[in-house]
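Secondary and tertiary structure notes
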Amino acid sequence: MAEKTETNKSSVRGCFWQERQAPQSSYHDLLSKLLDQRGIPEGDWPAFLNPTLKHFLPDPFELKDMQAAVEVILNAIQNDKNITIFGDYDVDGATSTALLVRFFKMINIGVNFYIPDREKEGYGPSVEAFQNLHEKGTQVIITVDCGVVAFEPLAYAKKLGLEVVVVDHHAGGPKNPECAALVNPNRADENVEFTYLAAVGVSFLLCVAIQRQLRLLGFFDNLVEPDLISLLDIVALGTVCDVVPLIGLNRSLVTQGLRVMAKTQNLGLRYMLELLEVDLCQISAYHLGFVIGPRINAGGRIGCSRLGSSLLSSDDLEEVKLCATELNLLNEERRLIQDAAFAEADAQVKQNQKIIVVYSPNWHQGVIGIVAGKLKEKYHKPTFVISIDEGAHVGKCSARSVVGFDVGQSIHEAQQAGVILQGGGHPMAGGFSLKTSQLQDFFEFVNNNMAQKLSSQDMQRTYFVDASLTLGSVNDETYQTVQKLAPFGASNSTPKFVFSNITLSKLLVLKEKHIKCFFKDPLSQKTVEGIIFNALQSDMGSFLLKQQGKHIDILAVIKQNHWRGQAKLSLHIEDVRPTL
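One structure accompanies this document, and this report is about it.

1. Brief notes about unusual backbone geometry
It is generally the case that most residues other than glycine have a negative phi and that most peptide bonds are trans. Put simply, A486 and P487 share a cis peptide bond, and its omega is 5°. Within the secondary structure, P487 is located in the loop between α19 (476–483) and β15 (497–510). Of note in the backbone geometry, D65 takes a positive phi value of approximately 70° without being a glycine. Residue placement: D65 occurs in the loop between α3 (53–56) and α4 (66–78). Despite not being glycine, E277 has its phi angle at roughly 60°, a positive value. Secondary-structure assignment places E277 in the loop between α11 (267–275) and α12 (285–302). On the accessibility criterion, E277 (72% relative accessible area) is exposed.

Here it is, written out as structure tokens:
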């Protein structure tokens with residue numbers, strides 16, 4: 001989609017504001033413009049605005065190996081085989097695991113689940129884990145959110161006589177691993193359209209397929225058929241937290257999932273929401289991604305990796321209370337660990353670096369991805385954060401990138417060059433391991449190879465603007481128009497608007513870190529409140545403190561705040577600049 005620069009003058013944050021362009025040159029209303037800017041053909045507008053499962057849900061058997069996967073699982077059910085769900089330790093893995101545990105529980109089939117420890121076992125299946133499960137009596141394993149590149153562990157499982165069904169969404173290589181079935185829209189030989197699914201979305205399709213086959217076999221003649229819609233609350237949670245595009249089927253899963261969550265019967269989710277005092281009537285994708293998700297993730301980052309899956313799959317109130325409380329405490333601890341690591345990492349950054357590489361033996365592996373993301377946001381540069389294990393003489397790295405620099409491809413090239421052990425990723429994020437003896441070689445590869453691919457345009461900070469509005473248009477009608485595009489997330493960001501030549505009439509500092517502003521429209525004299533969080537010590541804060549009574553331009557999102565039963569609109573400010 002083409003975009004044009006609104007102005008060649010950068011903002012206080014050093015960003016250029018560009019208005020999104022769309023095929024049409026004029027619009028009847030704001031909604032039409034927003035839809036067109038997002039590349040939605042006019043004939044698809046009704047489905048986008050009302051994304052139903054009936055419209056978007058595909059036949060799950062379109063996926064290669066889905067039939068084989070279902071046959072393995074049905075055989076296990078019919079022959080009372082011991083089934084274990086093997087999940088990843090992040091939110092997508094936890095929700096995928098809990099989804100399958102709950103589904104099997106609904107059809108009166110007991111299953112176990114296993115989540116590896118991030119530090120002791122690392123990501124995905126391992127020979128040791130499969131050996132342990134085999135010794136404990138597991139006969140069938142369903143891996144979720146992992147497995148597509150676990151060649152050695154899966155080959156070993158086959159030798160042990162284990163039947164392994166891999167349910168994943170990560171990109172596979174030209175060769176598939178040895179397993180009973182590989183269900184993955186992103187396997188190399190797949191050709192379905194819904195490659196954007198998170199693992200929990202693929203797991204949901206597996207549940208649909210199993211239930212369909214059980215129905216044909218008469219399994220539900222004497223058993224109430226599960227209501228799969230009731231499971232969409234955890235499907236929505238995993239989908240949002242894995243930051244996959246909220247388009248097509250994902251959009252319908254999250255939209256319906258939010259409705260389910262508002263009345264959720266999931267004991268763990270309900271208890272966590274009550275603990276966090278989240279108003280179920282106002283729940284949105286924001287709460288999934290930034291309130292609930294980090295807590296589900298906390299166990300896998302710095303604590304017990306099973307906690308998230310246990311919370312979401314348990315019907316035992318005492319277990320749920322213990323899991324929720326522990327996850328909440330771990331999240332607070334994670335913040336402290338993360339903040340300390342970020343401060344140390346930030347101190348290592350040199351302003352003339354085109355690509356940031358920082359490392360330390362003091363950083364917990366569970367937070368380096370967050371630290372990399374924060375550094376990337378602050379400096380708008382590709383960032384590599386490496387946690388060193390001095391005893392093992394190895395380092396683990398998390399990487400985050402900017403638009404225009406494919407960090408996943410760069411990691412692949414680094415592996416081919418022999419300067420790291422192994423790794424992977426996609427254009428915006430990745431990770432790898434290396435020996436400490438390879439650090440210097442990696443630094444040189446970054447400077448001599450990766451940095452040469454960065455253009456000045458890649459380094460330019462850009463905010464994409466949806467429209468220019470006046471303060472007079474900050475009203476319920478505009479807000480409701482914007483909300484028709486929800487849920488917001490990857491590939492469907494919350495619309496951002498420019499408000500130009502407005503007066504900063506008053507300013508307040510809140511809690512010694514936030515800034516509350518009162519803006520007045522010189523023409524209509526309408527006053528609207530705005531807020532910038534954690535801005536007092538920033539460049540924006542310094543700028544605003546000197547602008548009271550002056551005209552400025554702001555870039556903001558229209559939000560609705562609720563307090564004591566009252567709803568009020570305000571502007572959440574993302575950037576500012578002097579009026580041109």
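2. Here's the deal with α19
Along α19, the residues classified as buried are T478, Y479, T481 and V482. Projected onto a plane normal to the axis of α19, the buried residues spread over an arc of 160° and lie on a single side. For α19, the exposed residues set more than 90 degrees away from the buried face come down to D476 and E477. Each element contacted by the buried residues of α19 is listed here: α1 (30–37), β15, β18 (551–563) and β19 (566–578). Among the residues of α19, the N-terminal cap falls to N475, whose side-chain oxygen and the backbone nitrogen of E477 are separated by 3.3 Å.

3. So, the packing of aromatic side chains
The full count for this structure, using the stated rule, is 9 aromatic pairs. A centroid spacing of 5.7 Å and a plane angle of 65° characterise the contact between F103 and F104, whose relative ring orientation is edge-to-face. The class for F104 is buried, based on a relative accessible area of 0%. Taking the centre distance of 5.5 Å and the plane angle of 75° together, the rings of F384 and F442 count as edge-to-face. Taken as a pair, F384 in strand β9 (residues 383–389) and F442 in helix α17 (residues 439–450) lie far apart in primary sequence, 58 residues in all. F442 shares its class with F384; the two are buried. One aromatic cluster is present, built from ring pairs that chain together F86, Y114 and F130. The ring of F48 is capped by R251, whose NZ or CZ atom sits 3.7 Å from the centre of that ring.

4. As for the pattern of salt bridges
Opposite charge on two side chains lets them pair, provided their charged atoms get close. Evaluated as defined, the whole model comprises 19 salt bridges. Notably, a salt bridge pairs R187 with D189, separated by 2.6 Å at the nearest N-O pair. Residue R187 is classed as buried on the basis of its relative accessible area of 8%. Each member of the salt-bridge network shares a partner with another, and the members are R20, R38 and D466.

5. Overview of helix α9 (residues 232–241)
With 9 of 10 residues buried, α9 lies mostly within the body of the structure. Along α9, the positions that sit buried rather than exposed are L232, D233, I234, V235, A236, L237, G238, T239 and V240. Trailing α9 by a residue or two, V243 shows a phi angle of about 55°, which is positive.

6. Description of the sheet that holds strand β8 (residues 356–360)
Spatial strand order, β8-β9-β10-β12-β11: 5 strands in an open sheet with mixed pairing. The two strands at the open ends of the sheet, each matched to only one other strand, are β8 and β11 (422–426). For this sheet, the mean angle separating the axes of adjacent strands, direction not counted, is 15°. Here 5 bridges tie β8 to β9, and the two strands are oriented parallel to one another.

7. Some words on the state of the cysteines
Taken as a whole and judged by the stated rule, the model has 0 disulfides. The thiol of C304 is unpaired, and the distance to the nearest cysteine sulfur, on C323, comes to 8.0 Å. Under the relative-accessibility criterion, C304 is labelled partly exposed at 40%.

8. Here's the deal with the pairing of β19
Of the strand pairs in this sheet, strand β17 (residues 527–532) and β19 are connected by 2 bridges, and their pairing is parallel. When the bridges of β19 are listed, G530 appears paired with L571. Bridging between β18 and β19 involves 12 bridges; their strand directions are antiparallel. Pairing of I558 across the sheet is with L571, part of β19. The antiparallel pairing of β18 with β19 creates a hairpin that spans 2 residues between the two strands, and R564 there sits at a positive phi of about 55°.

9. Quick notes on the side chain of R187
Along the polypeptide, R187 turns up in the loop between β7 (181–183) and α8 (199–216). Among the polar contacts listed, one links the side chain of R187 to the backbone oxygen of L182, at a separation of 2.8 Å. A polar contact of 2.6 Å, which involves the side chain of R187, links it to the side chain of D189. With near-sequence residues (within four places) excluded, R187 lies in contact with K64, D65, N176 and L182.

Each value, and the rule that gives it
Residues numbered from 1 in each chain as written. Predicted model: local features only at pLDDT ≥ 70, side-chain atom pairs only at ≥ 80, totals over all residues. Heavy atoms only, no water. Helix = DSSP H or I, 4+ residues; strand = E, 2+ residues; numbered from the N terminus. Buried < 20%, exposed > 50% of the residue type's maximum accessible area, 1.4 Å probe, protein only. Arc of directions from axis to C-beta. Contact = heavy atoms within 4.5 Å. Polar contact = N/O pair within 3.5 Å; in protein donor to acceptor, adjacent residues only side chain to side chain. Phe/Tyr/Trp six-rings, centres within 6.5 Å; stacked < 30°, edge-to-face > 60°. Lys NZ or Arg CZ within 6 Å of the ring centre and 35° of its normal. Salt bridge = Lys/Arg side-chain N within 4 Å of Asp/Glu carboxyl O. Pairing = 2+ DSSP bridges. Axes fitted to C-alpha atoms, helices over the stretch in contact; angles between N-to-C directions. Disulfide = S-S within 2.5 Å.

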